[in-house]
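Tertiary structure, described
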Amino acid sequence: MKNKRRDFIKLAGMAGAGIIVGSDRALAMQPKVRDHMQAFNMHGFRAPKLDRVRVGLVGVGNRGSGTLIRLASIENVDIVALCDILPQNVQQAIQSIEGFGHSPTIYTDGEDAWKELCDRDDIDLVYIATPWKYHAPIAVYAMESGKHVYTELPVGVTLEECWQVVETSERTKKHCYMGSSSCHEGMSAIVLNMVRQGFFGELVHGEGNYIHDRVNGPGRWERDENNWFGYRPWRLKENVGRNGNLYPQHGLGPVAQMMDLNYGDKMDYLVSISSNDFTMGPKMKELAENDPYFEPYEGLKFRGNINTTLIRTNKGRTIMLQHDISSPRPGSRFQLISGSKGIYQADPARIATSEEWMKEEEFKALVEKFTPKITKSFQEKVSQAGGIKGGRSYERVAASDWRLIDCLRNGLPMEMDVYDAALWSVVTPLSEQSVAQMGNTVKVPDFTSGSWKSNKRGMDIHLAEGGNTNLI
Ligand SMILES: NC(=O)c1ccc[n+]([C@@H]2O[C@H](COP(=O)([O-])OP(=O)(O)OC[C@H]3O[C@@H](n4cnc5c(N)ncnc54)[C@H](O)[C@@H]3O)[C@@H](O)[C@H]2O)c1
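Quick look at the confidence of the model for the protein chain
- This prediction gives the protein chain a mean pLDDT of 90; 89% of its residues lie at or above 70.
- Confidence drops under a pLDDT of 50 for residues 1-18, and excluding neighbours within four residues, the segment shows 22 contacts in the predicted structure.
- Confidence drops under pLDDT 50 across residues 20-30; counting only partners more than four residues distant or on other chains, this segment forms 22 contacts.

A short note on the pairing of strand 7 (residues 203-211)
- Most of strand 7 is tucked away: 8 of the 9 residues are buried.
- One ladder, built from 6 bridges, connects strand 7 with strand 11 (residues 332-339); its direction is antiparallel. Each residue of the ladder has a partner; that of leucine 203, found in strand 11, is glycine 339.

Comments concerning the site of the ligand
- In the vicinity of the ligand, 27 residues are found, and the nearest of them are Arg63, Asp84, Arg232, Trp234 and Tyr247.
- Take glutamate 152: an N or O atom from its side chain is 3.0 Å from a nitrogen atom of the ligand.
- Considered on its own, the ligand offers 850 Å² of accessible surface; in the complex 93% of this is hidden by protein.
- Within the residue set of the shell around the ligand, elements represented by two or more residues are helix 3 (62-72) and helix 9 (233-237).

Some thoughts on the side chain of asparagine 307
- Tracing the chain through its elements places asparagine 307 in strand 9 (residues 307-313).
- Asparagine 307 sits in the buried class, given a relative accessible area of 0%.
- Within polar-contact distance, the side chain of asparagine 307 engages the side chain of serine 274 at 2.9 Å.
- Once you skip the residues sitting within four places of it in the chain, asparagine 307 turns out to touch Gly244, Asn245, Ser272, Ile273, Ser274, Leu321, Gln322, His323 and Val435.

Considering the sheet that holds strand 14 (residues 442-443)
- A sheet is described by the order of its strands in space; here 8 strands give the open sequence 13-12-11-7-10-9-8-14, paired in mixed fashion. Edge positions in the open sheet fall to strand 13 (350-352) and strand 14, since each of these has one partner strand only.
- Alignment of strand 9 against strand 10 (residues 318-324), held across 6 bridges, turns out to be antiparallel. What sits directly across from arginine 312, in strand 10, is threonine 318.
- This element, helix 8 (residues 188-196), spans strand 7, strand 11, strand 12 (343-345) and strand 13 of the sheet and lies at about 10° to strand 11.

Rules of the game
- Residues numbered from 1 in each chain as written.
- Predicted model: local features only at pLDDT ≥ 70, side-chain atom pairs only at ≥ 80, totals over all residues.
- Heavy atoms only, no water.
- pLDDT = per-residue confidence, 0-100.
- Contact = heavy atoms within 4.5 Å.
- Buried < 20%, exposed > 50% of the residue type's maximum accessible area, 1.4 Å probe, protein only.
- Helix = DSSP H or I, 4+ residues; strand = E, 2+ residues; numbered from the N terminus.
- Pairing = 2+ DSSP bridges.
- Near = heavy atom within 4 Å.
- Polar contact = N/O pair within 3.5 Å; in protein donor to acceptor, adjacent residues only side chain to side chain.
- Areas by Shrake-Rupley, 256 points an atom, 1.4 Å probe, with all protein chains shown as cover.
- Axes fitted to C-alpha atoms, helices over the stretch in contact; angles between N-to-C directions.

The structure is reproduced here in structure tokens:
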């Protein structure tokens, strides 16, 4: 009897909760041959300067509420509007920036309320931190409405969506920036500087991961009234019926910048394989024993625990990306860059120019020598603003957000442009396709339409221009 009830709940729940949506997505995502004529080259594009940057945020859950505080802590930013389908999330978000001097208009009336926000004529930048399926539709609509876009990862979940954002950005001449904060954090900017100065010689290979245990730690499956603590139902559903690297951007971003992908080199093709799932399925079974909420998930086919994707570039370099959010192991993101003269490897951070790792003092001296102006300048801004203060938690101010606003205010090119957003996102559907075909080779589209051969380097780590935006 219990089993029958479970079967019914499972079917009803799967349909109602949209769990089936992800299934067969890989088959629906066969790369189409697309004759894209670049309407305008957005790489290096300088939009008119903005004295103040007026922002509307869509999705103020876990990530969006943090970004709200980070943006509100930057000089000359006005938080004009907030949108979320959950009014309580917007209320909490507003409380979190009390005292910052913003009085945003609220949009909470249904799944499409973000359209009203985008339709306003007093917003410069629309920030998107919703579940993944809304990112491309909101980004396209916002650009069509004359707004620049700052989206969380990924910019789109299908190849088609990646092309849509590229085409819309080119046609509207609006920036579409995908925030992979990993490119500014930790050692990334320092190693990028070393790469550009030839320390590692000709680059040969890079590795980046999204290894982040979301399944096994304490509290991972606790539920509050809307969500699970530390985990989101929509994000769990993304792991059903899909199999590939679902979140490549954090690990790939720094490697792509070091390898000049989209401006000097480009991805040529990839192959991808996944293990079976050994933890998600059993976890659902265990949870469903005590909580009917999880019964719809029991017996479903979950993404393999670890996915490994290998990419070859036109210059003959290789990249290995791994994704695993369901094995009990320490986390890892940007992992390694290796060249004809040396190697940098993370966890622990170390450098070698021979078979031996360098001594710690030598490593520290290199870090000091190669820390670029963008990193030093941001650290100075944080300390000028009083460092980490109680309610304004400066540890939540990110260099990437600061520099985004700085570039918009100074009319500078984006450090990660729409081509980077599309390329770093398309790895997901292409990896799913390769996995579905037992690791077959899949060609990677060139979103720059050949401009990668002449595009100049992105990310101005020496702050040749701008850098004059302060924190408050
Ligand atoms: N860059 C990073 O380091 C980083 C870190 C965490 C999350 N993220 C990304 O941020 C995004 C959001 O993740 P999260 O963990 O905050 O998820 P979340 O579930 O906590 O937040 C999503 C929010 O979107 C709202 N929402 C859902 N549908 C909506 C709609 N139609 N209109 C308006 N609002 C809607 C939800 O109510 C919720 O408040 C994801 O893309 C995730 O990958 C990035």
